[in-house]
Amino acid sequence: MTSSRRRESETERRLRPLVGLLVVAATVVTLAALRVILTSGPEAVPDVATLVTLTFMITVGAFVKARVRVRSTVHLISWSEAAIVIAAAIAPMSWLIVCTCVGITLASVRLPTIKLTFGVSKNILVAAGAGLTFTVLDWTWPTMDAPQLVGILAFAYLSAALLDETLAIPVIALASGSKISSQFKSNLDLRLAGYGVRFVVAAITLLILQAEPRLLLAVPPLVLSLHLAYSARIRGRTEQQAWQRLARTTDALNVVDLDDVLTTAVTQAAELFSADEVEIELHDGGRTVRGGTGGLSFDGPTGATAEVNATVIPTPLEGHDRSVDVGVLRLRFRGPVQLSEREQYTLRTFASALCTAVRNAQAYAELARVADEHAYAATHDALTDLANRRHLLDQGTEQLSARHADGVTALVLIDLNHFKEVNDTLGHAAGDQVLVQVADRLSGAAQSSDLVARLGGDEFAVLLRGLPAPAVAAHRAETLLAALHEPFELDGMRISVEASGGISVAPTSGGMPELLRRADVAMYQAKRAGLRISTYAPARDTADLGRLTLGGDLPRAVEDHEFVVNFQPIVDLGTGEVTSAEALARWHHPTHGMIDPLRFLEAVERSGLLPAFAEAILDQALTAAGSWRDAGFDVPVAVNVSPRSLLDARFPGSVLARLRAHDLPPDRLVLELTETLTLSQLDVVDRVLSRLREEGVRLALDDFGTGYSSLSLLSRIPVHELKIDRSFVTTMESSAEAAAVIRSTLDLGRSLDLDVVAEGVESEPQRRALWELGCVAGQGHLFARPMPAGTLLAALQRGSGGRPGALATPLHDAGAVIRLNQTRRQAGRNRLPHLPA
């Protein structure tokens, strides 16, 4: 047995109890009618012509039907109840039952047994109801007046219609699998209108027959004409509704999400074509969806077995020109169904609209995918798949705007030390593998709330969000760097990579760029100090965002002579007399006030104004030295030189020209070179310095001991003087290492016959300790802070203890000669003298 026949048997099995009940009731009514006929006399039998006419009228009324399909079930709207009511008004009730049984049987003889049985039984009960109503209301045909006739007929017709609906709707609902309430509401307006029209036809028919009984033969043609008109109205209404639903359906398909398109298509097509199940198969991706008016019941790969297979109507999903075929639309019905010509056209139109909707949704999905890929690529590093600098800045900015509610925000900047050696030795491919492994380890060590990013090269950053306290950032940074401690596996080799980290906590202003800048400062502080991690400290930050805005003011500053020079005297530690003075440039900005050179010198070097700036500072320094000489104080002046000036072959000529212009001997000028910045193998630097020295200009090496190549520099640069960096002087009392650097520098100076000046002398114990070690000169706040040239001249004239030219009392009595013997000098090399409290 096929699945369709099996389903038909299941439907009949469901209907059999209800139909059997109707058959029993109809049989009882028919047997009662036959008993009345058999027991009645000949005078109670109507004439044969009337009986034949009534039977024919019932047959025609039941045979000529308007077809309405709901899913796989076709519902027929007939004139049978109108013909039965007319027959009930004319013939005795017993003969009415017989005519109805014969007439309905003749009209339904070709139907299946269960439908034939149901139709005959239902109409016999309707006839009994109508005849009983006439009997109860004392119907006397044909002697009644017109108002009375219409009134009683209305009650009889109403009882017949109610019986017809009550008996038919449950059976139809059970057969179609729909709700009784839904079935009752379906086309209710058309059914009511049909009942009204048929009642009017019945009333007119009876009025005509009351006037002339021979016109009874004209009733069937009249009923047929009205039926055709009513059927045309039903078809027109059905087609109008179908086109409206098609318009709404195609409009509902106008969405860009493919899932929404398929869900809408399935539910709307099930309603539009009264299908039990709708299936859409897409060629692209092998996807199939099924469902009905209640939504999707299946969404998966093509090939799964469908539940409804009795009748399948496939339609290709192709455009109007049939050039594109995206899939197949299948309408599935539980019973045999044949679509009308109008339904077939509607189906093709719907399939074309669905094809367009699917293509649009697929195109939109592809555009969205490409856009997502581009958006992801724009915010992520292609090698490590970490967030990039742009994404870090965006996320950080968003986080900082809500930091008060989400806790403390911090940034850890991580830089791999000597990573260039990996690329140079093993190649960039190996270096890339290391970077990927570093990214994986950092991601594994980070918490879910952290954002790990690669900023470029070998530099990474981790944004820490929602910290309970700033101190937690250091602990988290230690965890991140500890993840990089173990060697990396690379093509069978184990490679160790060291890293330095800088930590910064979200600032109150400046936003994410400032947070990143501070982390960068902290990281380089860690590198310079040889530490693994360093936390940003404002006191060690020599740059700020304001420096970037100063570059635009430099041309005006040079032209308006806004750069001024203060002088800090260098003093003989033993006598307290001034031996020279260091020129310190300052920018007297009209808006920002006095600006330290650490904030603007880099901008000057980048701006191209360095020669003009250096000449202006040198002019002011030489002018001051000339004024001191004219006042009787022959004090040399020391000027700091930018490393970039040493790359300019014209620099020595400019310096010597300024000396001649101020009528000062070359040895009255000391040029201070920064040790950590001037190491170079360029011949031009050697030529510049050699010419200056040959002309008599003195050279000093500033910040000695803080760089990595002090001895190499001394072998290349012909200096006259070493300056001990203030960091060693400040910590000499507490740090054995600092004291050792000072002793070594003094020994080196004596060995090379170089003067040694100690910077940062701020207390008498430091002064005495340095002097006892053999350091003869120093500068610092103990003697004087930087001051204008005129102020320094006044201090020289005023002197100390009645001694002009001195700024401190001597360490020994006037006139005494102090000589450090060899033993004292040797002791000075081996121990730091006791510093008095």
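In terms of regular secondary structure, the protein chain is built from 30 helices and 23 strands. Across the 837 residues in the protein chain, those meeting the buried criterion constitute 47%. Across the protein chain, contacts joining residues at least 24 apart in sequence account for 68% of those joining residues at least 6 apart.

Glancing now at the sheet that holds strand 13 (residues 499-505). Read across the sheet, five strands follow the order 9-10-8-13-14 without closing on themselves; strand pairing throughout is mixed. This sheet does not close on itself; its edge strands, each paired only once, are strand 9 (451-456) and strand 14 (533-535). Going across the sheet, the axis of each strand differs from the next one's by a mean of 20 degrees, ignoring polarity. By the bridge criterion, seven bridges tie strand 8 (residues 408-416) to strand 10 (residues 459-467) in an arrangement that is antiparallel. Each bridged residue has a counterpart across the sheet, and for Asp415 the counterpart in strand 10 is Glu459. Along the sheet, helix 15 (residues 428-445) contacts strand 8, strand 9 and strand 10; its crossing angle with strand 10, the most-contacted strand, is approximately 10 degrees.

For strand 15 (residues 563-572), a buried count of eight out of ten residues is recorded, marking the element as mostly surrounded by other parts of the structure. Judged from the nine bridges that link them, strand 15 and strand 16 (residues 578-589) form a sheet pairing that is antiparallel. Among the inter-strand pairings, Pro569 is bridged to a residue of strand 16, identified as Ala581. Count of turn residues in the strand 15/strand 16 antiparallel hairpin: five residues, of which Gly576 carries a positive phi of about 80 degrees. Judged from the two bridges that link them, strand 15 and strand 23 (residues 777-779) form a sheet pairing that is antiparallel. Bridge pairing in strand 23 places Val571 opposite Gly778.

What follows is about the environment of Pro765. Locating Pro765 in the fold gives a position in helix 28 (residues 764-773). The class for Pro765 is partly exposed, based on a relative accessible area of 21%. Sequence separation of Pro765 and Glu733 is 32 residues, and the distance between their C-alpha atoms is 9.1 Å.

So, on to the pattern of salt bridges. A full pass over the atoms with the stated rule returns 31 salt bridges. Taking the shortest distance from any N to any O, the salt bridge between Asp381 and Arg454 comes out at 3.2 Å. In this pair, Asp381 is assigned in the loop between helix 11 (341-379) and helix 12 (389-400) and Arg454 in strand 9, connecting sequence segments 73 residues apart. When sorted by exposure, Asp381 lands in the same class as Arg454, which is buried.

For the rest of this paragraph, the subject is the sheet that holds strand 3 (residues 277-282). Ordered in space as 5-4-3-7-6, the five strands form an open sheet in which the pairing is antiparallel. A single partner strand is all that each edge strand has here, and the edge strands are strand 5 (295-301) and strand 6 (311-318). When the angles between neighbouring strand axes are averaged without regard to direction, this sheet yields 15 degrees. In this sheet, strand 7 (residues 325-333) lies alongside strand 6 in antiparallel orientation, the contact comprising eight bridges. Paired with Glu318 across the two strands is Asp325, which belongs to strand 7. In this fold helix 10 (residues 258-272) packs onto strand 3, strand 4 (287-292) and strand 5, with an angle of close to 40 degrees to the strand it touches most, strand 4.

Right, let's talk about the nonpolar core for a bit. Of all hydrophobic cores here, the largest spans 78 residues; its most connected members are Phe567, Trp628, Leu669, Leu671 and Leu770. Broken down by element, the residue count for this core peaks at nine residues, all from helix 21 (residues 610-630).

Moving on to the pairing of strand 4. Most of strand 4 sits inside the fold, with five of its six residues counted as buried. Direction of pairing for strand 3 relative to strand 4: antiparallel, over a ladder of five bridges. Across the sheet, Leu282 pairs through a bridge with Arg287, a residue of strand 4. Taking the residues between adjacent antiparallel strands as the criterion, strand 3 and strand 4 are bridged by four residues, where Gly285 takes a positive phi near 95 degrees. Both strand 4 and strand 5 contribute to a ladder of six bridges, which runs antiparallel. Bridge pairing in strand 5 links Thr288 to Gly300. In textbook terms, the turn of a hairpin is the stretch between consecutive antiparallel strands, and for strand 4 and strand 5 this stretch comprises two residues.

A cluster of nonpolar side chains, contributed by Met93, Leu132, Val136, Leu137 and Phe155, occupies part of the molecular surface with about 470 Å² of accessible area. Structurally, the position occupied by Leu132 is in helix 5 (residues 113-136).

This paragraph deals with the packing of helix 14 (residues 419-426) against helix 15. Where helix 14 meets helix 15, the axes come as close as 6 Å, and the angle between the chain directions of the two elements is 140 degrees. Here helix 15 runs oblique to helix 14, going by the angle between their axes. Packed against helix 14, whose contacting residues are Phe419, Val422, Asn423 and Leu426, the element helix 15 presents His428, Ala430, Gly431, Val434 and Leu435 at the interface. Of the residues assigned to the contact of helix 14 with helix 15, the class counts are six nonpolar, three polar and no charged.

The interhelical angle for the contact between helix 10 and helix 11, taken along N-to-C directions, is 170 degrees, at an axis separation of 9 Å. The angle between helix 10 and helix 11 places the two elements in the roughly antiparallel class. Of the residues in helix 11, those touching helix 10 at Leu258, Val261, Leu262, Ala265, Ala269 and Leu272 are Thr346, Phe350, Leu354, Ala357, Val358, Ala361 and Gln362. Class assignment of the residues belonging to the contact of helix 10 with helix 11 gives a composition of eleven nonpolar, two polar and no charged.

What follows concerns the side chain of Thr100. Within the fold, Thr100 resides in helix 4 (residues 93-107). Not counting residues up to four positions away in its chain, the partners in contact with Thr100 are Ile58, Ile84, Asn123, Ile124 and Ala127.

With that settled, the discussion passes to a positive patch on the surface. Residues Arg13, Arg14, Arg16 and Arg334 make up a contiguous surface patch of positive charge. The class for Arg16 is partly exposed, based on a relative accessible area of 48%.

Turning to the packing of aromatic side chains, a few remarks are in order. Applying the stated criterion across every chain, the model contains ten aromatic pairs. Ring plane angle 5 degrees and centroid distance 6.3 Å describe the contact between Trp139 and Trp141, whose orientation is recorded as stacked. Considering the side-chain rings of Phe273 and Phe350, the 6.0 Å spacing of their centres and the 75 degrees angle between planes classify their relative orientation as edge-to-face. Taken together, the residues Phe273 in the loop between helix 10 and strand 3 and Phe350 in helix 11 connect sequence positions 77 residues apart. The exposure classification of Phe273 matches that of Phe350, with both residues buried. Three or more aromatic residues joined by ring pairs make a cluster, and in this case those are Phe563, Trp587, Phe600 and Phe613. Against the face of Phe298 rests Arg290, its NZ or CZ located 4.7 Å from the ring centre. Here the basic side chain of Arg441 rests over the ring of Phe488, its NZ or CZ set 3.9 Å away from the ring centre.

A few words now on the confidence of the model for the protein chain. Taken residue by residue, the protein chain gives an average pLDDT of 82. The fraction at 70 or more is 84%. Ranking the helices and strands of the protein chain by mean pLDDT puts strand 23 first, with 96, and helix 30 (residues 822-830) last, with 38. Long-range and interchain partners of residues 676-682, a stretch whose pLDDT sits below 50, account for 13 contacts in this model, where long-range means more than four residues apart. Confidence drops under pLDDT 50 across residues 820-837; counting only partners more than four residues distant or on other chains, this segment forms 25 contacts.

Here is what the cut-offs are and how they apply
- Residues numbered from 1 in each chain as written.
- Predicted model: local features only at pLDDT ≥ 70, side-chain atom pairs only at ≥ 80, totals over all residues.
- Heavy atoms only, no water.
- Helix = DSSP H or I, 4+ residues; strand = E, 2+ residues; numbered from the N terminus.
- Buried < 20%, exposed > 50% of the residue type's maximum accessible area, 1.4 Å probe, protein only.
- Contact = heavy atoms within 4.5 Å.
- Pairing = 2+ DSSP bridges.
- Axes fitted to C-alpha atoms, helices over the stretch in contact; angles between N-to-C directions.
- Salt bridge = Lys/Arg side-chain N within 4 Å of Asp/Glu carboxyl O.
- Core = buried A, V, L, I, M, F, W, Y, C linked by side-chain atoms within 4.5 Å.
- Patch = residues over 30% accessible without salt bridge, like charges linked within 9 Å, V, L, I, M, F, W, Y side chains within 5 Å.
- Areas by Shrake-Rupley, 256 points an atom, 1.4 Å probe, with all protein chains shown as cover.
- Parallel < 35°, antiparallel > 145°, perpendicular 65-115°, else oblique.
- Nonpolar A, V, L, I, M, F, W, Y, C, P; charged D, E, K, R; others polar.
- Lys, Arg positive; Asp, Glu negative; His and termini not counted.
- Charge placed at Lys NZ, Arg CZ, Asp CG, Glu CD.
- Phe/Tyr/Trp six-rings, centres within 6.5 Å; stacked < 30°, edge-to-face > 60°.
- Lys NZ or Arg CZ within 6 Å of the ring centre and 35° of its normal.
- pLDDT = per-residue confidence, 0-100.

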